[in-house]
Amino acid sequence: MSIDIAANLHAIEQRIIHACTRCGRDPQQVSLIAVSKKKPAELIEQAAAAGQPLFGESYVQEFVDKQQQITAAAQWHFIGALQSNKVKYLRGRTDLIHSVDRLSLAKEISKQWGKIDQTAEILIQVNVGDEQSKAGVAPEAAESLVRAVAQLPHIRIRGLMTLPPYHDDLEQVRPWFRQLRQLAQQLDRLQLPGVSMQTLSMGMSHDFEIAIEEGATLIRVGTAIFGRRE
Ligand SMILES: *Cc1c(COP(=O)(O)O)cnc(C)c1O
C-alpha cells in the first residue's frame with residue numbers, strides 16, 4: 001500500500017490550525033516534528049519535498065545512517081532514550097535533544113559538544129506519570145536536575161518534554177500535559193541564567209490536539225504521517 005505523505009502532512013497542518021483556533025493560539029507557535037524512526041530515507045525525502053523541515057529520530061545508529069543519505073535540507077531532533085556512550089555519535093548532528101533525564105547524560109553531551117566548540121540545545125524529559133516503564137526525571141526532581149545541568153558549559157536547556165501515561169480517553173491525558181506546562185512555568189520563575197522554558201515538547205499522533213490546547217510548542221508525530229511502524 002502506498003502512502004501519501006504530502007496529504008497526511010496537509011491533514012495534520014489543518015488539525016493543528018483547528019486546535020489552535022479552538023484555544024486562541026497562533027499556529028506559528030506550534031512546530032510539527034515528523035517522527036521518522038524505522039522509516040526509510042526515501043520517505044523522509046518525500047516529506048521534505050512536501051515542505052516538512054523538521055524530523056525526529058529515536059535510535060542513534062539508524063539516525064546517523066539515514067542523515068547521511070538525506071540530501072534535502074532538514075533539521076533533526078533526537079527524541080529517543082540515549083545512552084551516554086552513544087552521545088559521541090550525535091555530536092554536532094542535532095538541533096535539539098529531547099531526552100535528557102539525568103546529570104551524567106547531560107555532562108557527556110556538554111563534553112562532546114565542547115570538543116567542537118558548540119553548545120547543545122536540549123530539553124529535560126519529565127516522567128509526569130512516574131511510570132517505571134518510562135524514561136524521564138520525576139517531577140519532584142526536575143528542579144535540582146535543571147539547576148545542575150544549567151551549570152554545564154556546552155549545553156543549553158530550552159524547555160521540557162514528556163511522554164504521558166497512555167489513555168484511550170484523551171481527557172485523561174490532558175492533566176499530564178497541563179502538569180508539564182505548570183512545571184515549566186515554575187522552573188521559569190527561578191530565572192536561572194541560560195535556562196529557557198519556552199519549549200514544551202508534548203503530543204503524538206493520537207493526542208497532539210489536546211497537547212496543543214495545553215500549550216505544546218513542539219508536537220512529535222510519526223504514525224499519522226508515515227503510517228504504522230513494523
Ligand atoms: C515514536 C515516538 C513518537 C511518535 O509516535 P506516533 O504515535 O507514531 O505519532 C513521539 N515521541 C516519541 C518520544 C517517540 O518515541
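Residues numbered from 1 in each chain as written. Predicted model: local features only at pLDDT ≥ 70, side-chain atom pairs only at ≥ 80, totals over all residues. Heavy atoms only, no water.

The next point concerns the pattern of salt bridges. By the definition in use, this model includes 15 salt bridges. Note that Glu-209 is salt-bridged to Arg-15, the shortest N-O span being 3.0 Å. Here Glu-209, found in helix H8 (residues 208–213), pairs with Arg-15, found in helix H1 (residues 5–23); they are 194 residues apart in sequence, far enough to count as distant. Residue class for Glu-209 comes out partly exposed when judged on its relative accessible area of 21%. With relative accessibility at 29%, the residue Arg-15 sits in the partly exposed group. Glu-108 serves as the salt-bridge partner of Lys-111, at 3.8 Å between the closest nitrogen and oxygen. Of this pair, Lys-111 and Glu-108 both sit in helix H5 (residues 103–115), separated by three residues, roughly a single helical turn. With a relative accessible area of 48%, Lys-111 lands in the partly exposed category. (Salt bridge = Lys/Arg side-chain N within 4 Å of Asp/Glu carboxyl O. Helix = DSSP H or I, 4+ residues; strand = E, 2+ residues; numbered from the N terminus. Buried < 20%, exposed > 50% of the residue type's maximum accessible area, 1.4 Å probe, protein only.)

We now examine the side chain of Asp-207. With respect to the helices and strands, Asp-207 occurs in the loop between strand S7 (199–201) and H8. Buried and unpaired, Asp-207 has no salt bridge, with Arg-220 as the nearest side chain of opposite charge at 7.0 Å. A distance of 2.6 Å separates a polar side-chain atom of Asp-207 from the backbone nitrogen of Met-204. There is a polar contact of 3.4 Å between the side chain of Asp-207 and the side chain of His-206. Apart from residues lying up to four places away in sequence, Asp-207 is in contact with Pro-164, Leu-170, Val-173 and Phe-177. (Lys, Arg positive; Asp, Glu negative; His and termini not counted. Polar contact = N/O pair within 3.5 Å; in protein donor to acceptor, adjacent residues only side chain to side chain. Contact = heavy atoms within 4.5 Å.)

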